[in-house]
Amino acid sequence: ILYLEDVCVSFDGFKAINNLSLDIAPGELRCIIGPNGAGKTTLVNALMRILPVRSGELTLNGEVVTSLGAQAMCERGVSIIPEGRKLFGQMSVEDNLDIGAYRAQARAHAEQTKAQVFDLFPILKERRWQQAGTLSGGQQQMVAIGRALMSQPKLLLIDEPSLGLAPSIVDQVFEVIE
């Protein structure tokens, strides 16, 4: 589904990623592990086309997408769960989920997908009218995952899925990811 060949990403004169090649097959789970500052978030942002690729090539489903922007990646079925969740804190849980169904294909099935998200995370159904910013960190991560799933992605990029979560919530989040 995704192939990177000799990808380099630089910013502020610093080469954050140097000649990375990687292949992700459909249905495959890949983890990028490393210390702070190793380039994990930079990689996720480059794959989503939030950051520019200085050299190398990104191919998604056989199409070279190196020069595309983030919106074009979204339209091609790529979704991101950013580090720190980046929810709309003043909006309800349900409104945050609804925003995730931005693709035309996803909007057509939004209610069905939302029901699936509520099956995955029943607490979100109970709190659907609550402001997302008032939820616990684990519940906010559930909203972030649900929002990404609302787009019915073919490829889901997750940055720091367990950051700041209680161990019991981490287990639940990783079960859903798997």
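Check the entry above for the structure.
Report follows, based on the coordinates. Keep in mind that this is a model prediction, so the values were computed, not measured.

Across its full length, the chain carries eight helices and six strands. Ordered by position from the N terminus, the helices and strands of the chain form the series β-β-α-β-β-α-β-α-α-α-α-α-β-α. Expressed along its principal axes, the backbone C-alpha trace of the chain runs to roughly 45 × 35 × 30 Å. In the chain, which comprises 178 residues, the proportion classed as buried is 41%. Residue pairs at least 24 apart in sequence account for 62% of intrachain contacts in the chain once pairs closer than 6 positions are excluded. Counting only carbon and sulfur atoms, one obtains 51% of the accessible surface of the chain, whose full area is about 9400 Å². Of the charged side chains in the chain, 16 are positive and 20 negative, and the gap between their average positions amounts to 4 Å.

This part is about the sheet that holds strand 3 (residues 55-60). Judged by pairing direction, the sheet is antiparallel, and its four strands sit side by side in the order 2-1-3-4 without closing on themselves. Across the chains shown, the open sheet's two edge strands, defined by having one partner strand only, are strand 2 (14-24) and strand 4 (63-64). The pairing of strand 1 (residues 2-11) with strand 2 spans seven bridges and is classified as antiparallel. Looking at strand 2, one finds that F11 is bridged to F14. Sheet strands touched by helix 1 (residues 40-47): strand 1, strand 2 and strand 3. Its angle to strand 1, the strand with the most contacts, is close to 115 degrees.

The next subject is the packing of helix 7 (residues 137-149) against helix 8 (residues 167-177). Contact geometry for helix 7 and helix 8: axes closest at 10 Å, N-to-C directions at 10 degrees. With respect to helix 8, the axis of helix 7 lies roughly parallel. Counting all contacts with helix 7, which are made through G138, Q141, M142 and I145, the residues of helix 8 involved are I169, Q172, V173 and V176. For the contact of helix 7 with helix 8, the per-class residue count stands at five nonpolar, three polar and no charged.

In this fold, E94 is placed in helix 3 (residues 93-99). Within the structure, the side chain of E94 is placed 2.7 Å from the side chain of K114, a separation counted as a polar contact. Beyond its immediate chain neighbours, meaning those up to four positions away, E94 contacts K114, R128 and W129.

Position of R49 relative to the elements: it lies in the loop between helix 1 and strand 3. Setting aside its immediate chain neighbours within four residues, R49 contacts L58, V65, T66, L68, G69, A70 and M73.

Before going further, it helps to examine the environment of S151. Here S151 is to be found in the loop between helix 7 and strand 6 (155-158). For S151, a relative accessible area of 1% translates into the label buried. Expressed as a C-alpha distance, the spacing of S151 and Q105, which sit 46 residues apart in the sequence, is 8.1 Å. If we skip the residues at most four places from it in the chain, S151 touches S79, G100, Y102, R103 and A106.

The rules behind these values
Residues numbered from 1 in each chain as written. Predicted model: local features only at pLDDT ≥ 70, side-chain atom pairs only at ≥ 80, totals over all residues. Heavy atoms only, no water. Helix = DSSP H or I, 4+ residues; strand = E, 2+ residues; numbered from the N terminus. Buried < 20%, exposed > 50% of the residue type's maximum accessible area, 1.4 Å probe, protein only. Contact = heavy atoms within 4.5 Å. Areas by Shrake-Rupley, 256 points an atom, 1.4 Å probe, with all protein chains shown as cover. Lys, Arg positive; Asp, Glu negative; His and termini not counted. Charge placed at Lys NZ, Arg CZ, Asp CG, Glu CD. Pairing = 2+ DSSP bridges. Axes fitted to C-alpha atoms, helices over the stretch in contact; angles between N-to-C directions. Parallel < 35°, antiparallel > 145°, perpendicular 65-115°, else oblique. Nonpolar A, V, L, I, M, F, W, Y, C, P; charged D, E, K, R; others polar. Polar contact = N/O pair within 3.5 Å; in protein donor to acceptor, adjacent residues only side chain to side chain.

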